[in-house]
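# Understanding the architecture of this molecule
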Amino acid sequence: MHNAAKPGDIAKTVLMPGDPLRAKFIAEKFLVEPVPFNTVRNMFGYTGTYKGKPVSVMGHGMGMPSVGIYTYELFNFYGVDQIIRIGSSGAIQPDVMMRDIVIGMGACTDSAYAKSFELPGTYCPTASFELLTKAVDAAEAQGIPVRVGNIISGDVFYCDNAEKHDKGWVKMGVLASEMEAAALYMNAARAGKHALCMVTISDKPGERPTTAEEREKTFTGMMEVALALI
């Protein structure tokens, strides 16, 4: 109900930025003959080819409820096999710098999203090992430095006590914070599909945050690594 695509309009691999305008930018910059398949709620989606292989790109919005809806429908209603989130994030570790690319091996979370699965314990949302290893190899082949480790998927952007909140994750070696990967990883696990979250650091305490246009159009290194996974 949130996607106007017809069966067959969407490729087996979907790249998903949070910003639908970033999806539009990727389609126009990298894909051959991109065809739009969705404009519902302005969550733009396109399908084209990259180096002769079919691929789709679609926005997923902000937060786990939003990414949860879109990825659930892609996995379960459109036959998508793998989703690669290409997002923005905030640095947590002091040695994670602006514009670093971080690949989320695991996604810690303070969300209650896992409760919907009625599990008998605490679930650990993790990336597809196949996609993770391919991404690391692709980045190395392209000469693009990446960091790999845990990230934190939070429910709150404007935390009442952000410094205290982040301090605990720093102690546990978490690299960066974002708001979607945990839900993506859980949906993929439940559907028996593959997922990976790759983010570019867009803000860091004490640094000038990137602008919306910079996040839309300048995170091309991450985009190129993701496209190599098709």
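Preceding block: the structure.
A brief report on the enclosed structure follows. (Residues numbered from 1 in each chain as written. Predicted model: local features only at pLDDT ≥ 70, side-chain atom pairs only at ≥ 80, totals over all residues. Heavy atoms only, no water.)

The next thing to look at is the overall build of the protein. On a plain count of helices and strands, the protein comes out with seven helices and nine strands. Relative to its length of 230 residues, the protein is compact, with a C-alpha radius of gyration of 16 Å against a globular reference of 17 Å. Oriented by its inertia axes, the alpha-carbon framework of the protein measures out at about 45 × 40 × 30 Å. By residue count, 50% of the 230 residues in the protein fall in the buried class. Sequence separation of at least 24 residues holds for 78% of the intrachain contacts in the protein that already meet a minimum separation of 6. In the structure as shown, the protein presents an accessible area of about 11,200 Å², 56% of it carried by carbon and sulfur atoms. Positive and negative side-chain charges of the protein, numbering 22 and 25 respectively, have mean locations separated by a distance of 2 Å. (Helix = DSSP H or I, 4+ residues; strand = E, 2+ residues; numbered from the N terminus. Rg over C-alpha atoms; globule rule 2.2 N^0.38 Å. Buried < 20%, exposed > 50% of the residue type's maximum accessible area, 1.4 Å probe, protein only. Contact = heavy atoms within 4.5 Å. Areas by Shrake-Rupley, 256 points an atom, 1.4 Å probe, with all protein chains shown as cover. Lys, Arg positive; Asp, Glu negative; His and termini not counted. Charge placed at Lys NZ, Arg CZ, Asp CG, Glu CD.)

This part takes up the environment of N187. Structurally, N187 is set in helix α5 (residues 181–191). By relative accessible area, N187 is classed as buried at 5%. Between the C-alpha atom of N187 and that of H60, which follows or precedes it by 127 residues, the distance is 14 Å.

With that out of the way, let us pick up the pairing of strand β9 (residues 194–203). The element β9 is largely enclosed, with a buried count of eight among its ten residues. Both strand β5 (residues 82–91) and β9 contribute to a ladder of nine bridges, which runs parallel. Note on β9: the bridge partner recorded for G90 is D203. Strand direction decides the pairing type here: strand β6 (residues 101–109) and β9, joined by three bridges, are antiparallel. If you follow I101 over to β9, its bridge partner there is T200. (Pairing = 2+ DSSP bridges.)

Attention now moves to the environment of P209. Structurally, the position occupied by P209 is in the loop between β9 and α6 (212–217). A sequence separation of 119 residues divides P209 from G90, and the C-alpha atoms of the two residues are 9.2 Å apart.

The next point concerns the nonpolar core. Core analysis: the biggest nonpolar cluster contains 67 residues, and L74, L196 and M198 have the highest contact counts within it. Among the elements that make up this core, the one with the highest residue count is α5 (seven residues). Non-local contacts of M198, meaning those with residues more than four positions away in its chain, are made with I84, R85, I86, G87, I101, V102, I103, A135, M222, V225 and A226. (Core = buried A, V, L, I, M, F, W, Y, C linked by side-chain atoms within 4.5 Å.)

If a strand is regular, its side chains alternate between the two faces of the sheet. Inspection of the sheet shows β6 paired to strand β7 (residues 147–153) by seven bridges, in the parallel sense. When the sheet's bridge partners are listed, A107 is paired in β7 with I151. Judged from the three bridges that link them, β7 and strand β8 (residues 176–178) form a sheet pairing that is parallel. Considered in β8, the bridge of S153 is made with E178. One crossover worth recording links β7 to the parallel β8 by way of helix α4 (residues 162–171), and it is right-handed. (Right-handed = clockwise from strand over helix to strand, strands pointing away.)

A full pass over the atoms with the stated rule returns three aromatic pairs. Their ring planes at 80° and their centres at 5.8 Å tell us that Y72 and F77 sit as a pair that is edge-to-face. Its relative accessible area of 42% is what places Y72 among the partly exposed residues. Their ring planes at 55° and their centres at 6.1 Å tell us that Y113 and F117 sit as a pair that is tilted. On the basis of relative accessible area, Y113 is assigned to the buried category, the value being 19%. The partly exposed category is assigned to F117, whose relative accessible area is 24%. Directly above the ring of F30 sits K29, whose terminal nitrogen or CZ lies 5.7 Å from the centroid. (Phe/Tyr/Trp six-rings, centres within 6.5 Å; stacked < 30°, edge-to-face > 60°. Lys NZ or Arg CZ within 6 Å of the ring centre and 35° of its normal.)

These results come straight from atomic positions and should not be treated as a statement about function.
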